[in-house]
Amino acid sequence: MTADLQQQVIDVCREHDIIILCDEVYRLLEHDDDVRLPPIANVYEKGISCVTMSKPWGGCGITIGWLACQDMSMIQQLIDVQYFGCACVSRASEIQGRMVLQVSETILKERREIILQNKALLQDFIENKYKEWFELNRPNAGAICFVKFKGPCTSEQLGKLLADVSISIKLAYCFTDEISLEVENYFRVGFGEKKMPLALDALGKFIDNHEEQWRKCS
Ligand SMILES: Cc1ncc(COP(=O)(O)O)c(C=O)c1O
């Protein structure tokens, strides 16, 4: 979302006295710092920012996150504490969470370097080497993106073939209840892991083995 759009959303919500609960778990993973938005809790008096250790810091097993806002009573109104909270957070997770946050800058820098390197590889793969078969929706934040398959089958059929060679993609049906012709060829890939180039190599071999057949069907 652009800063202008964020402001428009705030203006509408302020006019109608609406609370905004904003999932900001991918914040801090912008590929360019200039596109980073302020947390909603900083810029809107009825904004609640939702953050988790699992995304920018890669601390999935820590299972700790937080909500931030300017007025705690909003959180009490909204959240059923018994359901969302627990009597006692794991002490080991708390210690790990604090350790991670103490070196936050170092971790974020490393994460971003991996993401930017992998993004460049993915762009080269899709926009140069295999542009006959794919189209990339270039992301400007995070480590996942949408890709369109231009070959003669849907992303679901492609996903089944890829699963046979141990490559995992998230298919269009994971993101919508209605699979139209417009979306059926799209799938999601992740590029946030160091070993992602290995997956690209495997995908390249898979395409090399299939493209002759795809050309005949197209
Ligand atoms: C957009 C978004 N919000 C929230 C979450 C939940 O994060 P966690 O697993 O740390 O609770 C996820 C996890 O994939 C996510 O993608």
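Here is a short report on the structure shown in this document.

Conventions and cut-offs
- One numbering rule holds for all chains: residues counted from 1, following each sequence as written.
- Reporting in this predicted model follows two pLDDT cut-offs: at least 70 for local features of residues, and 80 or more for side-chain atom pairs to be given and counted; totals over whole chains, interfaces and linings ignore these cut-offs and use all residues.
- Side-chain numbers come from the whole structure's heavy atoms, not from hydrogens or water.
- Lines fitted to the C-alpha atoms define the axes, with helices restricted to the stretch that makes contact. Angles between their N-to-C directions range from 0 to 180 degrees.
- The secondary structure listing takes helices from DSSP runs of H or I that are at least 4 residues long and strands from runs of E that are at least 2 residues long, numbered from the N terminus.
- Oblique is the label for any angle not under 35 degrees, not over 145, and not in the 65 to 115 range, which are roughly parallel, roughly antiparallel and roughly perpendicular in turn.
- Two helices that cross are described as forming a left-handed crossing if the nearer one is turned anticlockwise from the farther one by less than a right angle, and a right-handed crossing if clockwise.
- Contacts are assigned to residue pairs with any non-hydrogen atoms lying within 4.5 Å of each other.
- Residue classes follow a fixed rule: Ala, Val, Leu, Ile, Met, Phe, Trp, Tyr, Cys and Pro count as nonpolar, while Asp, Glu, Lys and Arg count as charged, and any other residue, Gly among them, counts as polar.
- Note on pairing: two strands pair once DSSP finds at least 2 bridges between them.
- Patch criteria: residues need more than 30% relative accessible area and no salt bridge. Like-charged residues are merged within 9 Å; nonpolar side chains of Val, Leu, Ile, Met, Phe, Trp and Tyr are merged within 5 Å.
- Throughout, the Shrake-Rupley method with a 1.4 Å probe supplies accessible areas, and for residues the shown protein chains are the sole cover considered.
- Salt bridges are defined by distance alone: a side-chain nitrogen of Lys or Arg within 4 Å of a carboxyl oxygen of Asp or Glu.
- Nearness is judged by heavy atoms alone; a residue qualifies as near a molecule or strand once a single heavy atom is within 4 Å of it.
- Polar contacts, as counted here, are pairs of nitrogen or oxygen atoms within 3.5 Å of one another; within protein the pair requires one atom able to donate a hydrogen and one able to accept it, and residues that are adjacent in sequence qualify only if both atoms are side-chain atoms.
- Burial classes: relative accessible area under 20% of the type maximum marks a residue as buried, over 50% as exposed, and values in between as partly exposed (1.4 Å probe, protein chains only).

Closest axis-to-axis distance for the helix α7 (residues 155-164)/helix α8 (residues 196-217) pair is 11 Å, and the angle between their directions is 125°. By the angle class used here, α7 and α8 are oblique. Regarding α7 and α8, the two cross each other, and that crossing is right-handed. Across the interface between the two elements, Leu158, Leu161 and Leu162 of α7 pack against Leu203, Phe206 and Trp214 of α8. Here the contact of α7 with α8 is built from residues that sort into six nonpolar, no polar and no charged.

With that settled, consider the sheet that holds strand β6 (residues 170-171). Read from one edge of the open sheet, four strands run β4-β5-β7-β6, paired in antiparallel fashion. Looking at strand neighbours, the two that pair on one side only are β4 (134-136) and β6, the edges of this open sheet. Taken together, the two bridges between β6 and strand β7 (residues 186-190) define a ladder with antiparallel strand orientation. Paired with Lys170 across the strands is Arg188, a residue of β7.

Taken together, the side chains of Met1, Leu5 and Val9 make up a nonpolar region of the molecular surface, amounting to roughly 270 Å² of accessible area. As for its placement among the helices and strands, Leu5 is situated in helix α1 (residues 3-15).

Right, let's get into the environment of Gln117. By the element assignment, Gln117 lies in helix α6 (residues 104-129). On a C-alpha basis, the gap between Gln117 and Ser54 in space is 21 Å, while along the polypeptide they are 63 residues apart.

All right, on to the site of the ligand then. In the neighbourhood of the ligand, the contacting residues comprise Asp23, Val25, Tyr26, Thr52, Ser54 and Lys55. Taking Asp23, its side chain carries an N or O atom lying 2.6 Å from a nitrogen atom of the ligand. Summarising the interface, the protein chains cover 44% of the accessible area of the ligand, which totals 390 Å² for the free molecule. When its residues are assigned to classes, the shell around the ligand shows two nonpolar, two polar and two charged.

The next point concerns the pattern of salt bridges. With the rule as written, the count across this model stands at 14 salt bridges. The partner of Asp33 in a salt bridge is Arg112, with the nearest N and O atoms 2.8 Å apart. Highlighted residues: Asp33 in the loop between β1 (20-23) and α2 (40-43) and Arg112 in helix α6, separated in sequence by 79 residues. For Arg112, a relative accessible area of 24% puts it in the partly exposed group. Two residues, Glu211 and Arg215, come together in a salt bridge whose shortest N-O distance is 3.4 Å.

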